[in-house]
Amino acid sequence: MKAIVCEAFGPLDDLQFKDVADPVVKKGHVVVNVEAAGVNFPDGLLVQGLYQMQPDFPFIPGNEVAGTITEVGEGVSHLKEGQRVIALSNLGGYAEKALIPATHVMPLPDPIHVNEGAALVTAHATAHHALKQRAKLQPGETLVVTGAAGGTGLAAVQIGKIMGAKVIAVCSTEEKLALAKEYGADVLINYKEKDLKETLKEVTGGKGADVVYECVGGDTFHACSRSMAWEGRLLVVGFAGGEIPKFPVNLALVKGYSVMGVFWGSFTQHDPKGFAENMQELLTWYVQGKVKVVVDEALPLEQATKAMAKVMNREVKGKMVLVP
């Protein structure tokens, strides 16, 4: 089969599109014929050696796929050959076929297009976990979402609205803000044109944000860390801006708020039951039309480097997808 292979940590251009052996099914796993693979910011970090996880070489990146099961391993009774599924692959998604633990494979409802299904797993599930299990977002609270037109930011906007929050979208362009508004944002802030800290103070009536879903890092994080409400929750989701900020802990002490890390991949390992319940809720919302994956572009698998570069350079509205 064809796959994108990382032979050593380095620039995205070092990735190889080549023939590799087909995966062999084993106990507790299934083989999925990959029809679409989601592209995420951590994928780019991973192949450059900049992510928390550092797999052995060679490896195939890509942690979310959608497709059809072609083989079912021993001990798997809830899945069958020919079934449309979405799956969390951890690695191996940027390929024509992937071997995936059956515990991380879910039926894909017929109304959901395969490209949207592949892009649903990580971004929406991260936002869902962050707002539900970590922040415990309550109806009527104020939710600030930075990077609100990106894959996981746009997901947080939608899920925040479902959970009853007032959503403040923070983006770098008017075009991105328009997309966030289309999917439910109540208040729009262009942080390139306005002082973010002062504007957050203004739009919250001086109270500050109850919850911040922070994906950007750098100066954006610093502004949010000074804009929290009493007993607020500052969610550390990622650093798409490239700078990992240092946090002055006295802010949390004086303002009485919590700083919470959001590592969805670890959540799926520590709480597989909670992960499964979350995914079922997400899929139900999707079929009901309450959430939607926005696919910016679907590119052929051999153009993985281009897709990853667009994500890393924050040029994507919604999600990128690779199609083997």
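Residues numbered from 1 in each chain as written. Predicted model: local features only at pLDDT ≥ 70, side-chain atom pairs only at ≥ 80, totals over all residues. Heavy atoms only, no water.

- An unreviewed UniProt entry lists the chain under the name NADPH:quinone oxidoreductase, with Alteromonas mediterranea as the source organism.

Observations regarding the packing of helix α2 (residues 114–134) against helix α9 (residues 272–287)
Reasoning step 1: Packing of α2 against α9 brings their axes to within 10 Å, and their N-to-C directions diverge by 115°. In the packing of α2 onto α9, the handedness of the crossing is right-handed. Taken together, the residues of α9 that come into contact with α2 (itself represented by E116, L120, V121, H124, A125, H128, H129, K132 and Q133) are N278, M279, E281, L282, L283, W285 and Y286. (Axes fitted to C-alpha atoms, helices over the stretch in contact; angles between N-to-C directions. Helix = DSSP H or I, 4+ residues; strand = E, 2+ residues; numbered from the N terminus. Left-handed = near helix turned anticlockwise from the far one by under 90°. Contact = heavy atoms within 4.5 Å.)

A short note on the pairing of strand β8 (residues 142–146)
Reasoning step 1: Within β8, five of the five residues are buried, which leaves the element mostly enclosed by the surrounding structure.
Reasoning step 2: Across the two faces of β8 the burial is the same, with T142, V144 and T146 and L143 and V145 all buried.
Reasoning step 3: Two elements, β8 and strand β9 (residues 166–171), share five bridges in a ladder whose sense is parallel. From the neighbouring strand, V144 faces β9, where its bridge partner is I168. (Buried < 20%, exposed > 50% of the residue type's maximum accessible area, 1.4 Å probe, protein only. Pairing = 2+ DSSP bridges.)

Focus on unusual backbone geometry
Reasoning step 1: Note that the residue after F57, namely P58, is joined by a cis bond; omega there is -10°.
Reasoning step 2: Of note, the phi angle at K136 is positive, near 50°, even though the residue is not glycine.
Reasoning step 3: Structurally, K136 can be placed in the loop between α2 and β8.
Reasoning step 4: Here K136 falls in the exposed class, since its relative accessible area comes to 52%.
Reasoning step 5: Within the chain, E231 stands out as a residue other than glycine whose phi angle is a positive 60°.

Topic: the sheet that holds strand β10 (residues 187–190)
Reasoning step 1: Strand order across the open sheet formed by six strands is β10-β9-β8-β11-β12-β13, with parallel pairing between neighbours. Of all strands in the sheet, those bounded by a partner on one side alone are β10 and β13 (258–261). Adjacent strand axes in the sheet meet at a mean angle of 20°, parallel and antiparallel pairs treated alike.
Reasoning step 2: Of the pairings in the sheet, the one linking strand β11 (residues 209–214) to strand β12 (residues 228–236) comprises five bridges and is parallel in character. By the bridge assignment, V211 is partnered in β12 with R233.
Reasoning step 3: Contacting β8, β11, β12 and β13, α2 runs over the sheet at an angle of about 150° to β11.

A look at the environment of G206
Reasoning step 1: Looking at where G206 falls in the secondary structure, it is placed in the loop between α5 (196–203) and β11.
Reasoning step 2: Taking the relative accessible area as the measure of exposure, G206 reaches 48% and is therefore partly exposed.
Reasoning step 3: Along the backbone, G206 and I86 are 120 residues apart, and their C-alpha atoms lie at a distance of 43 Å.

Some details on the UniProt feature "domain: Enoyl reductase (ER)" (unreviewed entry) in the chain
Reasoning step 1: With numbering aligned to this structure, UniProt lists the feature "domain: Enoyl reductase (ER)" (unreviewed entry) at residues 10–322.
Reasoning step 2: Counted over residues 10–322, helix gives 33% and strand 26%. Its end C-alpha atoms are 21 Å apart. (UniProt positions renumbered as here; feature names shortened; annotations may be inferred.)

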